[in-house]
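Structural characterization, general
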Protein chains: 2
Amino acid sequence: MIKRNPNSTLAFALLGLIWQEPRSGYDLRKFFSSTPMISFSDSPGAIYPALHRLELRGLVRGHVEERSGLRRRRIFQLTARGRAEFKRWQKQPVKRHDVVRNLDALMLRFAFMDQFAEKGAAFRFLKGLHKELAAYIPSLREYLISNRDYMPQAGRLALESGIQGYEAQLRWTKAAMATYGKTKGERR
Amino acid sequence: MIKRNPNSTLAFALLGLIWQEPRSGYDLRKFFSSTPMISFSDSPGAIYPALHRLELRGLVRGHVEERSGLRRRRIFQLTARGRAEFKRWQKQPVKRHDVVRNLDALMLRFAFMDQFAEKGAAFRFLKGLHKELAAYIPSLREYLISNRDYMPQAGRLALESGIQGYEAQLRWTKAAMATYGKTKGERR
DNA sequence: TAGTCCATGTAAGATGTTACATGATTCA
DNA sequence: TGAATCATGTAACATCTTACATGGACTA
């Protein structure tokens, strides 16, 4: 029977890394702890159960590596199902909800975009992200203007921090689109 | 017996809002869904259980509002323990771990800073945040420089997005410190 | 009377955190 | 021999998500 649970952000991070090259749980933990993907937990209590779930769902397959010395490692690879599921995740349209609640997951999706998604997916993703940011930022600005006088100073500043963060993201999005436009001769 | 569980980010958001003024679960849900705090879930399945936990732990107290018509509301107030717990949370030092894994919670802490924390806490918070950002950003830059050539293009771009987000946060932090310096005559 | 808003709640289920446990190998 | 590193795992616990349930009052 097919499990109908949506995979977590961690699950997709694992799938993406394993697709890049087969890796063990330990490899993945080390990757998280020693690269900017440090924003993911490298705790064994998160990673090993997540890998087992992926295996149960048929998205990865692990096999024990034979080697002398050292404790045996289980190396995981993506299955065809795993690759399909990852692609499905990558090509979902960018929703406001993602921008508001889950920007990190969105950027994770993008990070693997030109390795595993179809041609043009990265550019489409950026266009969608641009659209949602360009719609969301003014609504935050309007809230600030209307409520300035009723908000405590720190609250006001905190909101400005959020707005400026989204504005930086918007600038990045434009620059990234230009990159793809140039590199791939993509047109709107 | 005293419960030793750390409260969640949502729990502290609820405590801060209830401290501002007594509110019902419904008030809190509406606040989340209609302001930039939309980044919190307004789902009843998150909010009502969280309020019950806070009450169990003695951090809030709810009482049923008497009124004709409409269904009764339970209005919550902070207890002395709730206020103490919130202050304790606010004055924790800024750690790199917070910057890397939980920047949103950090900004929530700041958002209530000049209402409920002691004088000078906001400025100290900003100094700590500045220090951690100024230390973390170069380590991301160095990773990018060392690994540029081995990273896929989208991965590189995603990392740049993260760096630029942190840089925007750093600029904001400096500007906010200047605000407090001016307003309060605070000195380093 | 049907729909919408006010208002609070629970149930099932998955995921994540922290802490603990274990065992092999290498190196000082 | 003790410490560090490689390597995988489990247990307890809390929290969150989604979906469902309920019921009063207002209004078109």
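**Things to note about the overall build of chain A**
Counting secondary structure elements, chain A contains nine helices and three strands. Listing every helix and strand of chain A by position from the N terminus yields α-β-α-α-β-β-α-α-α-α-α-α. Projected onto its principal axes, the C-alpha positions of chain A cover 70 × 45 × 35 Å. Residues counted as buried form 44% of the 188 residues belonging to chain A. Of the contacts made within chain A by residues no fewer than 6 positions apart, 56% connect residues no fewer than 24 positions apart. Just so you have it, chain A exposes about 10200 Å², and 52% of that area is on carbon and sulfur atoms. Side-chain charges of chain A comprise 35 positive and 17 negative groups, with the mean position of each set lying 4 Å from the other.

**What about the confidence of the model for chain A?**
Looking at chain A, pLDDT values average 92 and 92% of them are 70 or higher. Note on residues 184–188 of chain A: pLDDT is under 50 here. Beyond four places in sequence and across chains, it has seven contacts.

**Description of the nonpolar core**
In globular proteins that are soluble, nonpolar side chains generally tend to be buried together. By size, the foremost hydrophobic cluster in this structure holds 33 residues, and its most contacted members are Phe110 and Leu129 of chain A. Put simply, the parts of the chain that give this core at least two residues each are helix H5 (96–101), helix H6 (103–111), helix H8 (121–147) and helix H9 (153–184) of chain A together with helix H9 (153–184) of chain B. Per-element tally for this core: the top contributor is H8 of chain A, with 12 residues. Those residues in contact with Leu129 of chain A that sit more than four places away from it in its chain are Val94, Val99, Leu103, Leu106, Met107, Gln169, Trp172 and Thr173 of chain A. Counting residues in each nonpolar core, the second largest holds 32 residues, with Ala158 of chain A together with Ala111, Ala122 and Leu129 of chain B among its members.

**Topic: the relation of the copies chain B and chain A**
Overlaying chain B on chain A yields an RMSD of 0.0 Å, the required transformation being a rotation through 180° with an accompanying axial translation of 0.0 Å. Both chain copies can therefore be described as sitting about a two-fold axis. Considering only C-alpha atoms, the part of chain B nearest the rotation axis is Gly165 of chain B, at 2.9 Å.

**Focus on the domain arrangement of chain A**
All names here are of chain A. What the domain assignment lists for chain A is domain 1 (9–90) and domain 2 (96–184). The gap between the C-alpha centroids of domain 1 and domain 2 is 29 Å. Contact residues are listed per partner, giving 13 residues for domain 1 and nine residues for domain 2. Here domain 1 packs against domain 2, burying approximately 970 Å² in sum over the two surfaces, 69% of which is carbon and sulfur.

**Examining the protein's contact with DNA strand C**
Taken together, 27 residues surround DNA strand C, and among them Arg53 of chain A together with Tyr26, Arg67, Arg71 and Arg74 of chain B come closest. Atoms of DNA strand C within 4 Å of the protein belong to the sugar or the phosphate in 67% of instances, the rest to bases. Here a phosphate oxygen of DNA strand C and a side-chain polar atom of Arg57 of chain A are 3.0 Å apart. If you list the elements that add at least two residues to the surface near DNA strand C, you get helix H3 (44–56) of chain A together with helix H2 (25–34) and helix H3 (44–56) of chain B. If you tally residues by element for the surface near DNA strand C, the top one is H3 of chain B, at four residues.

**Structural notes on the sheet that holds strand E1 (residues 23–24) of chain B**
Residue and element names in this part refer to chain B. Taken in spatial order, the three strands of this open sheet run E1-E3-E2, and their pairing is antiparallel. Among the strands making up the open sheet, the edge pair consists of E1 and strand E2 (60–64). Together, E1, E2 and strand E3 (74–78) form the strand contacts of helix H1 (residues 9–20), whose direction differs from that of E3 by roughly 95°.

**Quick word on the sheet that holds strand E2 (residues 60–64) of chain A**
Taken together, the three strands give an open sheet; going across it, the order is E1-E3-E2 (chain A), and neighbouring strands pair in antiparallel fashion. Strands with a single pairing partner mark the edges of an open sheet, and in this sheet they are strand E1 (23–24) and E2 of chain A.

**As for the interface of chain B and chain A**
Opposite the 37 residues of chain B that make contact, chain A presents 37 residues. Surface buried jointly by chain B and chain A totals about 2800 Å² across both partners, of which 63% is contributed by carbon and sulfur atoms. Linking chain B with chain A are zero salt bridges. When residues in the side of chain B that touches chain A are grouped by element, the largest group, 17 residues, is from H9 of chain B. When grouped by side-chain class, the residues that make up the side of chain B that touches chain A number 20 nonpolar, 13 polar and four charged.

Cut-offs applied
- Residues numbered from 1 in each chain as written.
- Chains lettered and ligands numbered in written order.
- Predicted model: local features only at pLDDT ≥ 70, side-chain atom pairs only at ≥ 80, totals over all residues.
- Heavy atoms only, no water.
- Helix = DSSP H or I, 4+ residues; strand = E, 2+ residues; numbered from the N terminus.
- Buried < 20%, exposed > 50% of the residue type's maximum accessible area, 1.4 Å probe, protein only.
- Contact = heavy atoms within 4.5 Å.
- Areas by Shrake-Rupley, 256 points an atom, 1.4 Å probe, with all protein chains shown as cover.
- Lys, Arg positive; Asp, Glu negative; His and termini not counted.
- Charge placed at Lys NZ, Arg CZ, Asp CG, Glu CD.
- pLDDT = per-residue confidence, 0-100.
- Core = buried A, V, L, I, M, F, W, Y, C linked by side-chain atoms within 4.5 Å.
- Least-squares fit on C-alpha atoms with pLDDT ≥ 70 in both.
- Domains from an automatic or database assignment.
- Buried area = accessible area lost by both parts, 1.4 Å probe.
- Near = heavy atom within 4 Å.
- Polar contact = N/O pair within 3.5 Å; in protein donor to acceptor, adjacent residues only side chain to side chain.
- Pairing = 2+ DSSP bridges.
- Axes fitted to C-alpha atoms, helices over the stretch in contact; angles between N-to-C directions.
- Salt bridge = Lys/Arg side-chain N within 4 Å of Asp/Glu carboxyl O.
- Nonpolar A, V, L, I, M, F, W, Y, C, P; charged D, E, K, R; others polar.

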